[in-house]
Amino acid sequence: MSLQAGIVGLPNVGKSTLFNAITKKHILAANYPFATIEPNVGVVIVPDTRLDYLVSLYKPKSTVPTTFEFIDIAGLVSGASSGEGLGNKFLSHIRDVDAIVHVVRCFDDENITHVEGATDPIRDVEIINTELILADLEIASNRLGKIQKKAETTKDKEAIKEVHTLEKVQTSLEKNICLRNVAFDEDELLILKNFNFITLKKVIYVANVDEVSASVGDNDYSLKLKEYAEKENSSVVVMCAKLESDLADLDDKEKETFLKDVGIASSGLDKLIFVTYDLLGLATFFTAGADECRAWTFRKGMKAPSCAGIIHSDFERGFIRAEIMSFNDIYELGSELKVKEKGRMRVEGKDYLIQDGDICYFRFNV
């Protein structure tokens, strides 16, 4: 399951610094590496001590952690919706991501010019939101112009339903409301899925603060951003992008010492990964054995056959059953054999909802 978050922000807010921290190539030697597969795509491994434990237990020939892609989306300035900056290129990239990571400048520095003249996180957020709203509005209006005629002349039920949904979208956007803050029912969301509206995507705000504020946890700017985000049920991760970039040069022991010295409990990048993972309703199941220990990303609420299909389509097509151990059981008892002896290995059918931390053996026949 390939998942992507797009990193956006105005110029000089720290977006590129954050992305550089993700994509530093020599970090590959660390336990939880970041790698670059394209100039603007950083693949980050989701840190998971459970996988580390399974590796120590099974000593497999290979280990495959679960990953998440962060895409650096450049070119957004005021007027992007009408083609300013990289305009359409920016907007086409952002339509393909699962979530938006919006980097907001929450620090003052006279040596770094702010594109709008002064630091104001709420103004910056609203500039970008306005451009995204205008881009979505153009798509909704164009489609409405075409589908309305069909609905009026044919009285087609599906066309009428689409018109009503798009009119709701248009009205909300014209009121400057992002679609993620609008209540849609399941039928409406199914219709909207075809349009990939940007403002319907979930967003995480990164409050990029200075090093002093990062050790304290907040400053006046980040507190204002949190207040703004709370109104739309969005999350805020407070971090110092420059500090994260410096941390990327260190090995694990040096990183731990550095964080302790500056009074920060954990890396902001790790926090961002976990918050993004949680925001999208993701969880992890495992497959484990002597050949391979692997973590697999799935969406909460998926049934066993669908999760089997993440591994291979044949597993889903020919699904028979799933043999399940919970990570907590194998951690408590210390081996797969003891889990079986205690009767905690379960056999589950097609309706079983896979849980975070399940260790799965899928039986199938095609």
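Refer to the structure printed above.
Residues numbered from 1 in each chain as written. Predicted model: local features only at pLDDT ≥ 70, side-chain atom pairs only at ≥ 80, totals over all residues. Heavy atoms only, no water.

### Quick word on the overall build of the chain
Each helix and strand in the chain was counted, giving 15 helices and 13 strands. A buried classification covers 49% of the 366 residues belonging to the chain. Taking the contacts inside the chain whose residues are at least 6 apart along the sequence as the reference set, 68% of them involve residues at least 24 apart. Accessible surface, the chain: about 18,100 Å² in total, of which carbon and sulfur atoms supply 49%. (Helix = DSSP H or I, 4+ residues; strand = E, 2+ residues; numbered from the N terminus. Buried < 20%, exposed > 50% of the residue type's maximum accessible area, 1.4 Å probe, protein only. Contact = heavy atoms within 4.5 Å. Areas by Shrake-Rupley, 256 points an atom, 1.4 Å probe, with all protein chains shown as cover.)

### Some details on the pattern of salt bridges
Two side chains carrying opposite charge are able to pair once their charged atoms lie near each other. Per the stated rule, a full pass over the model turns up 23 salt bridges. For K161, the salt bridge identified is with E158, shortest N-O distance 4.0 Å. Of the two residues, K161 and E158 are both situated in helix α5 (residues 157-174); the distance of three residues between them amounts to about one turn of the helix. Classification of K161 by relative accessible area gives partly exposed; the value is 35%. Between R317 and D314 there is a salt bridge, and its shortest N-O distance comes to 2.7 Å. Of the two residues, R317 and D314 are both situated in helix α13 (residues 313-317); the distance of three residues between them amounts to about one turn of the helix. Linked by salt bridges that have partners in common, D48, R50 and D356 make up one network. (Salt bridge = Lys/Arg side-chain N within 4 Å of Asp/Glu carboxyl O.)

### Focus on the nonpolar core
Counting 58 residues, the largest nonpolar core has F68, F70, I100, Y205 and L272 as the members making the most contacts within it. Those residues within four positions of F70 in sequence are excluded, and the remaining contacts are A5, I7, F19, I22, N40, V41, G42, V44, V101, L272, I273 and T276. Membership of the second largest hydrophobic core comes to 19 residues, among which are I133, I147, V163 and L192. (Core = buried A, V, L, I, M, F, W, Y, C linked by side-chain atoms within 4.5 Å.)

### Focus: unusual backbone geometry
Despite not being glycine, K59 shows a phi value in the positive range, around 50°. Among the structural elements, K59 can be located in the loop between α2 (49-58) and β4 (62-64). Accessibility expressed as a relative area gives 64% for K59, which makes it exposed. In this structure, N233 is a non-glycine residue whose phi angle is positive, near 55°. Tracing the sequence through the fold places N233 in the loop between α8 (220-231) and β8 (235-239).

### Structural notes on the pairing of strand β5 (residues 67-72)
Most of β5 is tucked away: five of the six residues are buried. Pairing analysis gives four bridges linking strand β1 (residues 4-8) to β5, with the strands arranged parallel. The residue bridging G6 from the neighbouring strand is I71, located in β5. Bridge count for strand β3 (residues 41-45) against β5 is five bridges, and the pairing is antiparallel. Residue pairing for β5: V43 is matched across the bridge by E69. (Pairing = 2+ DSSP bridges.)

### Observations regarding a negative patch on the surface
Residues D251, D252, E254 and E256 make up a contiguous surface patch of negative charge. Along the chain, the position of E256 falls in helix α10 (residues 252-262). Residue E256 is classed as exposed on the basis of its relative accessible area, which comes to 52%. (Patch = residues over 30% accessible without salt bridge, like charges linked within 9 Å, V, L, I, M, F, W, Y side chains within 5 Å. Lys, Arg positive; Asp, Glu negative; His and termini not counted. Charge placed at Lys NZ, Arg CZ, Asp CG, Glu CD.)

### Notes on the packing of aromatic side chains
Enumeration according to the criterion identifies 11 aromatic pairs in this entry. Ring centres of F68 and F70 lie 5.4 Å apart, and the angle between their planes is 40°; this geometry places the pair in the tilted category. Neither residue differs from the other here; F68 and F70 are each classed as buried. Taken together, the aromatic side chains of F285, W296, F298, F319 and F362 make up a single cluster linked through ring pairs. Sitting over the ring of W296, R294 keeps its end group 4.0 Å from the ring centre. (Phe/Tyr/Trp six-rings, centres within 6.5 Å; stacked < 30°, edge-to-face > 60°. Lys NZ or Arg CZ within 6 Å of the ring centre and 35° of its normal.)

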